[in-house]
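This is what each chain is made of:
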Amino acid sequence: MNKKTAIIKTTSENPDFVTLIAALDASLWERYPELKTNYWGNNVIELNPNVVVIYIDDKAVACGCFKKYDKNTIELKRMFVSPEARGMGLAKKIILELELWAHDLSYTASVLETLYKQKEAISLYQKVGYTIVDNYEPYVGLENSICMRKQI
């Protein structure tokens, strides 16, 4: 049975994105209860015009976005794939879609931050060309953060 997949560009006001982010936050706080106070301030969803949501059979199952980090660099944010949709290559599709979008907007590099227990995410980011770098602001001094960078 073929599933209908759609990738849409949207904004952070998209209700499906908001729902996916709530699920992401819940999973992070379950996995890292000790970090909630340190990271909560970095976890605010600002109005963001650069959001991607993936739908399978009209159900939102994955998302990601980017924001401007500096004049040439974007920061990938809020990457999430629902548990029932994992293992289908959706995270990689989101990353590539966001990088292409950023490249079209004349950005030349991408950075991201993830947490040390996110072994699957770290592995995926490395497979698509990201390398671990020194922590950048606002993650400097936060030993649980893993920061990565890639030219796009």
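Refer to the preceding data block for the structure.
Owing to the predicted nature of the structure, the values given are computational and were not obtained by experimental measurement.

Colleague: So what about the pattern of salt bridges? Which residues, and what values?
Modeller: Scanning all chains against the criterion turns up six salt bridges. In this structure, the salt-bridge partner of Glu84 is Lys59, at a minimum N-O distance of 3.0 Å. Within this pair, whereas Glu84 is found in the loop between strand 4 (73-81) and helix 3 (90-104), its partner Lys59 is found in strand 3 (residues 59-70), the two being separated by 25 residues in sequence. Take Lys59: its relative accessible area is 46%, and that puts it in the partly exposed class.

Colleague: Just give me the short version of the side chain of Glu75, but keep the residues and values in it.
Modeller: Its place among the elements puts Glu75 in strand 4. Those residues in contact with Glu75, other than ones at most four positions away along the chain, are Cys65, Phe66, Lys67, Tyr69, Val111, Leu112, Glu113, Tyr136 and Tyr139.

Colleague: So what about the sheet that holds strand 2 (residues 51-56)? Which residues, and what values?
Modeller: In spatial order, the strands read 1-2-3-4-5-7-6; together these seven strands make up an open sheet with mixed pairing. The sheet is open, and its two borders are formed by strand 1 (5-10) and strand 6 (131-133), each paired with just one other strand. Pairs of neighbouring strands in the sheet enclose a mean axial angle of 30 degrees, with direction left out of account. As paired elements, strand 1 and strand 2 share six bridges and run antiparallel to each other. Each residue of the ladder has a partner; that of Ala6, found in strand 2, is Tyr55. Against the sheet, helix 4 (residues 119-127) makes contact with strand 4, strand 5 (109-115), strand 6 and strand 7 (145-151), and its axis sits at roughly 160 degrees relative to strand 5, the strand it touches most.

Colleague: Hey, could you go over the packing of aromatic side chains for me, with residue numbers and the actual values?
Modeller: As enumerated under the stated definition, the model contains five aromatic pairs in all. Between Phe66 and Trp101, the ring centres sit 5.7 Å apart and the planes meet at 85 degrees, which makes this aromatic pair edge-to-face. Separated by 35 residues along the polypeptide, Phe66 in strand 3 and Trp101 in helix 3 bring together distant segments of the chain. Using a relative accessible area of 1% as the deciding quantity, one classes Phe66 as buried. Grouping aromatic residues by their ring pairs yields a cluster made of Phe66, Trp101 and Tyr107.

Parameters and conventions
- Residues numbered from 1 in each chain as written.
- Predicted model: local features only at pLDDT ≥ 70, side-chain atom pairs only at ≥ 80, totals over all residues.
- Heavy atoms only, no water.
- Salt bridge = Lys/Arg side-chain N within 4 Å of Asp/Glu carboxyl O.
- Helix = DSSP H or I, 4+ residues; strand = E, 2+ residues; numbered from the N terminus.
- Buried < 20%, exposed > 50% of the residue type's maximum accessible area, 1.4 Å probe, protein only.
- Contact = heavy atoms within 4.5 Å.
- Pairing = 2+ DSSP bridges.
- Axes fitted to C-alpha atoms, helices over the stretch in contact; angles between N-to-C directions.
- Phe/Tyr/Trp six-rings, centres within 6.5 Å; stacked < 30°, edge-to-face > 60°.

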